[in-house]
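# Examination of the molecular architecture
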Amino acid sequence: MAVYTAKEIMEIIPHRHPFMLIDTIEELEPGARAVGKKCVSFNEPYFAGHFPNNPVMPGVLIMEALAQVGAVAILGLPENKGKTAYFAGIDKAKFKQMVIPGDVLMLETKIIKTKGPIGVGEAVATVNGKVAAKAELTFAIGK
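We now turn to the structure provided with this report. Predicted, not measured: the structure shown is a model, and the values here were computed from it. (Residues numbered from 1 in each chain as written. Predicted model: local features only at pLDDT ≥ 70, side-chain atom pairs only at ≥ 80, totals over all residues. Heavy atoms only, no water.)

## Topic: the overall build of the chain
- Along the backbone of the chain there are two helices and six strands.
- For the chain, the α and β elements follow one another from N to C terminus as α-β-β-α-β-β-β-β.
- Taking 2.2 N^0.38 as the reference for a compact globule, 143 residues should give roughly 15 Å; the C-alpha atoms of the chain span a radius of gyration of 14 Å, in line with that estimate.
- Along the longest, intermediate and shortest principal axes, the C-alpha atoms of the chain span 45 × 30 × 25 Å.
- Counting over 143 residues, the chain shows a buried share of 42%.
- In the chain, 61% of the contacts between residues at least 6 apart in sequence involve partners at least 24 apart.
- Surface exposure of the chain reaches about 7,700 Å², of which carbon and sulfur atoms provide 57%.
- Distance between charge centres in the chain, computed from 16 positive and 14 negative side chains, equals 5 Å. (Helix = DSSP H or I, 4+ residues; strand = E, 2+ residues; numbered from the N terminus. Rg over C-alpha atoms; globule rule 2.2 N^0.38 Å. Buried < 20%, exposed > 50% of the residue type's maximum accessible area, 1.4 Å probe, protein only. Contact = heavy atoms within 4.5 Å. Areas by Shrake-Rupley, 256 points an atom, 1.4 Å probe, with all protein chains shown as cover. Lys, Arg positive; Asp, Glu negative; His and termini not counted. Charge placed at Lys NZ, Arg CZ, Asp CG, Glu CD.)

## With respect to the packing of aromatic side chains
- Summed over the entire model, instances satisfying the criterion amount to one aromatic pair.
- Between the aromatic rings of Y46 and F47, the centroid separation amounts to 4.7 Å while the plane-to-plane angle is 65°, which identifies the pairing as edge-to-face.
- Owing to a relative accessible area of 4%, F47 belongs among the buried residues under this scheme. (Phe/Tyr/Trp six-rings, centres within 6.5 Å; stacked < 30°, edge-to-face > 60°.)

## Things to note about the side chain of T138
- With respect to the helices and strands, T138 occurs in strand β6 (residues 130–142).
- If we ignore the near neighbours within four places in the chain, the residues touching T138 are Y86, F87, A88, G89, D91, I118, G119 and V120.

## Notes on the pairing of strand β5 (residues 118–127)
- Within β5, seven of the 10 residues are buried, which leaves the element mostly enclosed by the surrounding structure.
- In the sheet, strand β4 (residues 104–115) pairs with β5 via 10 bridges, with the strands oriented antiparallel. For L105, the partnering residue across the bridge sits in β5 and is V127.
- The antiparallel pairing of β4 with β5 creates a hairpin that spans two residues between the two strands, and G116 there sits at a positive phi of about 60°.
- In this sheet, β6 lies alongside β5 in antiparallel orientation, the contact comprising 10 bridges. By the bridge assignment for β6, V127 is matched with K130. (Pairing = 2+ DSSP bridges.)

## Points about the layout of surface pockets
- By volume, the largest pocket amounts to about 210 Å³.
- Broken down by class, the residue content of the lining of the largest pocket amounts to five nonpolar, four polar and three charged. (1 Å grid on protein atoms, 1.4 Å probe; cavity = no way out; pocket = protein on both sides within 12 Å on 5 of 7 lines; lining within 4 Å. Points joined across faces, edges and corners; volume = space filled by probe spheres on them. Nonpolar A, V, L, I, M, F, W, Y, C, P; charged D, E, K, R; others polar.)

## Remarks on the sheet that holds strand β1 (residues 24–29)
- One open sheet accounts for six strands, arranged β1-β2-β4-β5-β6-β3; its pairing is antiparallel. A single partner strand is all that each edge strand has here, and the edge strands are β1 and β3 (84–95). Each strand axis lies, on average, 20° off the axis of its neighbour in the sheet, ignoring direction.
- When β3 meets β6, the two strands line up antiparallel, connected through nine bridges. Across the sheet, residue F87 finds its bridge partner in β6, namely F139.
- Contacts from helix α2 (residues 59–75) reach β1, β2 (33–39), β3, β4, β5 and β6, with the element oriented near 55° to β4. (Axes fitted to C-alpha atoms, helices over the stretch in contact; angles between N-to-C directions.)

Right under this line is the structure:
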């Protein structure tokens with residue numbers, strides 16, 4: 001059973017359709033880690049152009065989905081309630097396999113370092129237990 005539904009996620013992060021890229025939060029340790037799920041549908045708007053005869057979820061959107069899961073984790077701390085987590089950097093990104101319609105993308109982001117309003121998350125996206133993408137994501141907490 002999900003910790004947060006899409007409606008509850010929207011109470012934490014400002015993203016909305018078509019840019020909210022997570023369906024549920026499955027596990028949460030506020031300030032430490034979160035696991036989210038994205039059921040990739042053929043109806044995603046980006047598949048119209050990426051690629052019309054061979055739909056593949058863009059890698060940058062996988063990174064964004066991982067960042068959104070990390071935002072739920074860091075904004076789960078009481079002192080960050082009502083704030084926004086902004087993307088500040090991507091390091092060590094690797095794309096290991098394509099994500100296509102019908103895949104269930106599991107998104108895990110662990111907060112590995114924070115200093116003031118800046119932090120780093122270790123993020124891994126998997127499909128059927130196999131790594132699809134991974135990276136270190138830097139974020140900044142703003143008002």
